[in-house]
Amino acid sequence: NDLSFNDINLKKAIRTHLKIPKDIGIEIRMAVKAQLLAEKWFGIAVNNDFVVYLQIEAGIAISVVNKGKIYMSLNPSAGLLGHTIIDQNKIKGPNFNSQDGHLEAFLNDQRIIEECNRALKIDPENYLSLDEILYKARRGDSVIIDAIGKFIRYIAIAVANTYNIYGPDHII
């Protein structure tokens, strides 16, 4: 059952469903941009002019605020740091479009969950959630800490690349 949303005008559907007048603009953005704006307006980045927000979930994305303005690109894939090539031997195709060698193949929330549960020898039907894994790590579970350790290198790569490319005052 393929649910294809390619031909849906989402702005129009939202406007109609919520009865939003046409003179009120609707913008649809990546969540990482909204999260950064929340930090800039109300959180840890209130007093910083140049901030980069680094999000690690299913993929790895960044968003940038400089001089109070969020960076917006015409390229919808701008800010997808997870597409940084880490292992060139795993990249296939003339356009480097195989994601096997990309940073997000090595570092994403699902991969951390799988690796930690494998290290604990937990059956896939009973896998611990990421919150449960992090709870165990904070409590000093050595198996979890060892399993998470290899992901720290990839987090360091993401943070170092972000800093070296942008040179922000603050990375969240």
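Description of the structure in this document. The structure presented is a predicted model; accordingly, all values stated were derived computationally and were not measured. The residue numbers shown here count from 1 along each chain, following its written sequence. Only residues with pLDDT of 70 or above have their local features reported here, since the model is predicted, and side-chain atom pairs are shown and tallied only from 80 upward, although totals for entire chains, interfaces and linings are computed over all residues. Each side-chain value is worked out from all heavy atoms of the structure, with water and hydrogens disregarded.

**As for the sheet that holds strand β3 (residues 69-70)**
Turning to step 1, where the next piece is worked out: The four strands lie next to each other as β3-β2-β1-β4, forming an open sheet whose pairing is mixed. This sheet does not close on itself; its edge strands, each paired only once, are β3 and β4 (170-171).
Turning to step 2, where the next piece is worked out: A pair of strands is labelled paired if DSSP reports no fewer than 2 bridges between them. Where helices and strands are cited, they refer to DSSP runs of H or I of at least four residues and of E of at least two residues respectively, numbered from the N terminus. By the bridge criterion, two bridges tie strand β2 (residues 60-66) to β3 in an arrangement that is antiparallel. Each bridged residue has a counterpart across the sheet, and for N66 the counterpart in β3 is K69.
Turning to step 3, where the next piece is worked out: Contact between two residues is taken to exist if any of their heavy atoms lie within 4.5 Å; hydrogens are not considered. In this description, a line fitted to the C-alpha atoms serves as the axis of each element, helices being fitted only across the stretch in contact, and the angle between N-to-C directions of two axes falls anywhere from 0 to 180 degrees. Seen against the sheet, helix α2 (residues 31-42) touches β1 (50-56), β2 and β3 and runs at an angle of roughly 45 degrees to β2.
Turning to step 4, where the next piece is worked out: Helix α6 (residues 142-166) contacts β1, β2 and β4 of the sheet and is inclined by roughly 155 degrees relative to β1.

**Quick word on the side chain of Q55**
Turning to step 1, where the next piece is worked out: Relative to the helices and strands, Q55 is located in strand β1.
Turning to step 2, where the next piece is worked out: Not counting the four nearest positions on each side in its chain, Q55 is found in contact with V32, Q35, I60 and A61.

**Brief notes about a nonpolar patch on the surface**
Turning to step 1, where the next piece is worked out: Exposure above 30% relative accessible area and no salt bridge define the residues that can form patches, which grow by joining like charges within 9 Å and nonpolar side chains of Val, Leu, Ile, Met, Phe, Trp and Tyr within 5 Å. Each accessible area is a Shrake-Rupley result for a 1.4 Å probe, and residues are judged covered by the shown protein chains and nothing else. Just to be clear on terms, a salt bridge is a Lys or Arg side-chain nitrogen sitting within 4 Å of an Asp or Glu carboxyl oxygen. A cluster of nonpolar side chains, contributed by I152, I155 and V159, occupies part of the molecular surface with about 210 Å² of accessible area.
Turning to step 2, where the next piece is worked out: Positionally, I152 belongs in helix α6.

**What to know about the packing of helix α5 (residues 130-138) against α6**
Turning to step 1, where the next piece is worked out: Put simply, α5 and α6 touch, their axes get as near as 8 Å, and they point 110 degrees apart. On the basis of their axis angle, the class for α5 and α6 is roughly perpendicular. Relative to α6, the crossing made by α5 is left-handed. Seen from α5, the contacting residues are I133, L134, K136 and A137; seen from α6, they are I144, I145 and I148.
Turning to step 2, where the next piece is worked out: By residue class, the composition of the contact of α5 with α6 is six nonpolar, no polar and one charged. Here roughly perpendicular refers to angles of 65 to 115 degrees, roughly parallel to angles under 35, roughly antiparallel to angles over 145, and oblique to all remaining angles. For a crossing to be left-handed, the near helix must be turned anticlockwise from the far one by less than a right angle; the clockwise case is right-handed. Note that Gly is not counted as nonpolar here; it falls among the polar residues with everything else outside the nonpolar set of Ala, Val, Leu, Ile, Met, Phe, Trp, Tyr, Cys and Pro and the charged set of Asp, Glu, Lys and Arg.

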